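# Reading the structure
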Amino acid sequence: MKVFKFTATALILIISFLNLSAQFAGRTINWLSKGNTYLFADSGNLNKVDIEKGTSTLFISKEKLIPAGKKDPLPLDIFLLTPDNNKLVIFTNTAKVWRYNTRGDYWMYDITRNKLMQLGKSLRSQSLMFAKVSPDGKLAAYVSNHNIYVEDFTTGKITQLTKDGNRQLINGTFDWVYEEELDCRDGFRWSPDSKNIAFWRVDARKTRDYYMLNTTDSVYSKVIPVEYPKVGQPPSLVSIGIVSVATKAIKWMNVPGDPQQHYIPVMEWSPDAKQVVLQQLNRKQNESILMYCNAATGAAKKFYTEKDSAWIDIKMGWRDDPQGWSWVNGNKDFIWVSEKDGWRHIYQVTKDGSAEKLLTKGAYDIGKIVLIDRENNLIYFTASPQNATESYLFKTIINGDGNAVRVTPKGLKGTHNYEISPDGKFAYHSFSSFDIYPAGEWVVMENQMPFDDKHSISKSYKKYEMNTTSFFTVTTDDSVALDGWITKPAHFDSTKKYPVVFYVYTEPAASTVNNAFGENQNFLYDGNLSDEGYFQVSIDNRGTPSLRGSKWRKAIYKKVGQLNIHDQAMAAKKVLEKPYFDKDRIAVWGWSGGGSATLNLMFQYPDIYKTGISIAPLTNLLYYDNIYTERYMGLPQENLQPYIDGSPVTYAKNLQGNLL
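Now for a look at the structure at hand. (Residues numbered from 1 in each chain as written. Predicted model: local features only at pLDDT ≥ 70, side-chain atom pairs only at ≥ 80, totals over all residues. Heavy atoms only, no water.)

### Regarding the sheet that holds strand 27 (residues 345–350)
Filter applied, for reference: For two strands to be treated as a pair, DSSP must find no fewer than two bridges joining them. Secondary structure elements follow DSSP: runs of H or I of four or more residues count as helices, runs of E of two or more count as strands, with numbering from the N terminus.
Taking strand neighbours across the sheet as the criterion, the four strands line up as 25-26-27-28 in an open arrangement whose pairing is antiparallel. What marks the edges here is a single partner per strand, and that holds for strand 25 (327–328) and strand 28 (356–358). As paired elements, strand 27 and strand 28 share three bridges and run antiparallel to each other. The residue of strand 28 that forms the bridge with Tyr 347 is Leu 358.

### Focus: empty space enclosed by the protein
Condition: Here a cavity means grid points, on a 1 Å grid over the protein atoms only, where a 1.4 Å probe fits yet cannot get out; a pocket means an open set of points with protein on both sides within 12 Å along at least five of seven lines; lining residues are those with an atom within 4 Å of a point. Grid points are joined across faces, edges and corners, and a volume is the space filled by probe spheres set on the points. When residue character is reported, Ala, Val, Leu, Ile, Met, Phe, Trp, Tyr, Cys and Pro are called nonpolar, Asp, Glu, Lys and Arg charged, and the others, Gly included, polar.
Tallied over the full model, the rule gives four cavities of 30 Å³ or more. Roughly 120 Å³ of internal volume is contained in the largest cavity. Residue lining of the largest cavity: Glu 306, Trp 311, Ile 312, Asp 313, Trp 318, Trp 336, Val 337, Ser 338, Glu 339, Arg 344 and Lys 554, and that is the complete set. Take the lining of the largest cavity: its biggest share by element is three residues, from strand 26 (residues 333–338). Across the lining of the largest cavity, the residue classes break down as five nonpolar, one polar and five charged. Of the voids in this model, the second largest cavity is the one considered here, and its volume is about 70 Å³. For the lining of the second largest cavity, the elements supplying multiple residues, two or more each, are strand 39 (498–503) and strand 40 (535–540). Across the lining of the second largest cavity, the residue classes tally to six nonpolar, four polar and one charged.

### What about the pattern of salt bridges?
Selection rule: For salt bridges, the criterion is a side-chain nitrogen of Lys or Arg within 4 Å of an Asp or Glu carboxyl oxygen. Exposure classes here rest on a 1.4 Å probe applied to the protein chains alone. A residue is buried below 20% of its type maximum, exposed above 50%, and partly exposed in between.
Tallied over the full model, the rule gives 29 salt bridges. Notably, a salt bridge pairs Asp 477 with Lys 574, separated by 3.0 Å at the nearest N-O pair. Of this pair, Asp 477 sits in the loop between strand 37 (469–475) and strand 38 (481–487) while Lys 574 sits in helix 5 (residues 563–575); the two residues are 97 residues apart in sequence, bridging distant segments of the chain. Since its relative accessible area comes to 62%, Asp 477 is described here as exposed.

### Thoughts on the packing of helix 5 against helix 6 (residues 593–604)
Here is the rule: Working convention: axes come from line fits to C-alpha atoms, limited for helices to the stretch in contact. Angles between N-to-C directions cover 0 to 180 degrees. In this scheme the crossing of two helices becomes right-handed for a clockwise turn of the near helix relative to the far one and left-handed for an anticlockwise turn of less than a right angle. Contact definition: two residues touch when any of their heavy atoms are within 4.5 Å.
It is at 10 Å that the axes of helix 5 and helix 6 come closest, and there the two elements cross at 65°. Of the two elements, helix 5 crosses helix 6, and the hand of that crossing is right-handed. Contacts from Ile 565, Gln 568 and Ala 569 of helix 5 reach helix 6 at Ala 597, Asn 600, Leu 601 and Gln 604. In the contact of helix 5 with helix 6, the residues fall into four nonpolar, three polar and no charged.

### Section: the nonpolar core
Here is the rule: Nine residue types can take part in a nonpolar core, namely buried Ala, Val, Leu, Ile, Met, Phe, Trp, Tyr and Cys, and a core is a set of them joined through side-chain atoms within 4.5 Å.
Counting 32 residues, the largest nonpolar core has Val 500, Phe 502, Leu 576, Phe 581 and Tyr 609 as the members making the most contacts within it. Mapped by element, the contributors of at least two residues to this core are strand 38, strand 39, strand 40, helix 5, strand 41 (581–591) and helix 6. With six residues, the single largest contributor to this core is helix 5. Discounting chain neighbours no more than four positions away, the residues touching Leu 576 are Val 500, Phe 502, Phe 581, Lys 583, Ile 586 and Ile 608.

### Regarding the packing of aromatic side chains
Convention followed: Classification of ring pairs rests on two measures: the distance between centres of Phe, Tyr or Trp rings, Trp counted by its six-membered ring, which must be within 6.5 Å, and the angle between planes, read as stacked under 30 degrees, edge-to-face over 60 and tilted in between. Two limits define a charge over a ring: the Lys NZ or Arg CZ must be within 6 Å of the ring centre, and within 35 degrees of the ring normal.
Inspection of the entire model under this criterion finds 42 aromatic pairs. Aromatic side chains Phe 434 and Phe 471 sit 4.7 Å apart centroid to centroid with 55° between the ring planes, which places their arrangement in the tilted category. Of this pair, Phe 434 sits in the loop between strand 34 (426–433) and strand 35 (436–444) while Phe 471 is found in strand 37, placing the two residues 37 residues apart along the sequence. Under the relative-accessibility criterion, Phe 434 is labelled buried at 4%. Each member of the aromatic cluster is reached from another via a ring pair, and the members are Tyr 292, Phe 303, Tyr 304, Trp 325, Trp 327, Phe 334 and Trp 336. Just above the ring of Trp 552 sits the side chain of Arg 548; from NZ or CZ to the centre is 3.9 Å.

### Digging into the pairing of strand 9 (residues 115–118)
Walk down a regular strand and you will see the side chains alternate between the two sheet faces. Pairing between strand 8 (residues 100–110) and strand 9: four bridges, direction antiparallel. The partner of Asp 110 across the bridge, within strand 9, is Lys 115.

### Things to note about the sheet that holds strand 22 (residues 275–282)
Strand order across the open sheet formed by four strands is 21-22-23-24, with antiparallel pairing between neighbours. Both edges of this open sheet fall to strand 21 (262–269) and strand 24 (300–307), since each of them pairs with a single strand only. Direction aside, neighbouring strands of the sheet carry axes that sit 20° apart on average. Relative to strand 23 (residues 287–294), strand 22 is paired through seven bridges, and the arrangement is antiparallel.

### Considering helix 7 (residues 626–633)
What counts here: Polar contact is the term for a pair of N or O atoms within 3.5 Å; when the atoms are in protein, one must be able to donate a hydrogen and the other to accept it, and sequence-neighboring residues count only if both atoms are side-chain atoms.
Among the eight residues that make up helix 7, eight are buried, leaving the element largely enclosed by the rest of the structure. In this fold, the buried residues of helix 7 make contact with helix 2 (176–182), strand 21 and helix 8 (641–646). Taking the backbone nitrogen of Ile 627 as reference, a side-chain oxygen 3.2 Å away marks Asp 625 as the first, capping residue of helix 7.

### Comments concerning the pairing of strand 16 (residues 196–203)
Buried residues dominate strand 16, accounting for eight of its eight residues. Burial of the side chains of strand 16 extends over both faces: Asn 196, Ala 198, Trp 200 and Val 202 are buried on one face and Ile 197, Phe 199, Arg 201 and Asp 203 on the other. As defined by bridge partners, strand 15 (residues 188–190) adjoins strand 16 across three bridges and the pair is classed as antiparallel. Note that in strand 16 the partner of Phe 188 across the bridge is Phe 199. Connecting the antiparallel pair strand 15 and strand 16 is a turn made up of five residues, with Ser 194 showing a positive phi of about 65°. The sheet contact formed by strand 16 and strand 19 (residues 237–244) spans eight bridges and is antiparallel. Across the sheet, the residue bridging to Trp 200 is Ile 240, located in strand 19.

Purely geometric numbers; function is a separate question.
In structure tokens form, the structure reads like this:
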């Protein structure tokens, strides 16, 4: 047994390794069930780290993780311990499915039986996805080649539960657009009694393909078809099925409505294993309906409805964990988040949806729910009521009066993140800001005292001495106050004139003005813009996902390419009033939504922006996928004009400057 201490850098490296697979989102630290210990891979061994004692002991030796006929143990880059602490699931030989490594090989080490086995050994190598052990610990389920399988740990028997899967009929996972725009990847759920599996089936057979060309893997190019529903095209058909592990019989849920006019982004089992609960969004994504579906009959019953004049954010917008319904009070109530009063708030809702209680009162937004601590009746969440560019931890009481309490100690302004143990006793607290390098510490949640005061954040953080960045708020002639940051050139001289580079994104998917280390770094520039005499500026316009209220975020509805572009240009005019800016050398650049914004700024305001670098832009709003674009712009069949008014191609004739 040895004393085990971490630097902030070491833990950041651990977290980055564990984030390799989207399947393990929300599991950046592999906590054991009691919460004061977690697992850490070291030189092939798996160690158990006791936070309170500061010790590390061997949990599973690397010798036990060597497959038969091999010399080396399995790599432990991505692993997960089952809730009963009896089985270790290891994900190896991974491959990307679109953005994330969710396909590969799975191994399971049974700790009680001292047995290592490969799951799906008879199936194609590197084809398994989302392997999960059943609640009773007897079976594993996984997806391979668009079908769902179960495997018996005792006999090794593999049973195929669905047999109709193919590229366009997808069982247990999703097509590209569901994954990209609704964060849906793992598409099946074990029932609490281990007898059934509920799953999504995506029928994309009526969705037209977009053809990509692979010119890199062979002397001859290959055409790669991808089902891609563009703006104005109906969604792929999605069904919810429940398959019996014993009989392989499938019962389809009778979800009401036209399946080509709605989405199902959330589906989970109720604790009694008799029904599933799901969220249905209409195609415009401005009406959310929660409903129960009877597992035996398929009958659906609506119990909680919400409407919005713009759009409604789904659960993945406010929870980091991809699975699980947020039940509280012995499963009598659940936790939900809504912007119905103009702010993103946490509500406690009765199981039947008949009553609700606001748990976060006040004119502020929550960011993310970090932990629901049922034992201590607390919910931890991020927020920053005074400054939307920062992030701090707060807590509120379940069944309480809605008055939240700040947990993060006063002092260090910037971005604070917490990895809290399941029982709410301990947390790894990390912090950074524009001018402070990332730092971390282990803390006791009850009093926020660090375990090692000598190496606490408050005593060990390091300032970035070369920092020339500062935050500002600019108020446009429209009386709109916008947050921004500006980085001065090195050796700035106010009597000289300098070129300016604006970095933009501008759309609802991301903000660029966040007080965290590295946020101001130009990640594509091979050099140092400040050293080479440039100003750099970034501004968050209305419509970006800042914690400034629903009105701020949804002001861009049906105005993408208009309101965001106007805000950026009006803010730039104010910023550039200073005499040391060279107005003949003003550049703008961005990627994706930022690429589109770059085009629109160059075309609509050529008097301001003289040079643009537009990466992966959308030149016409009708070219992109339906889920993202229709959420923020409405249906083009009902009103095409906003699409015309927001598309860069509409204004391309106005180009005057230099455009790459």
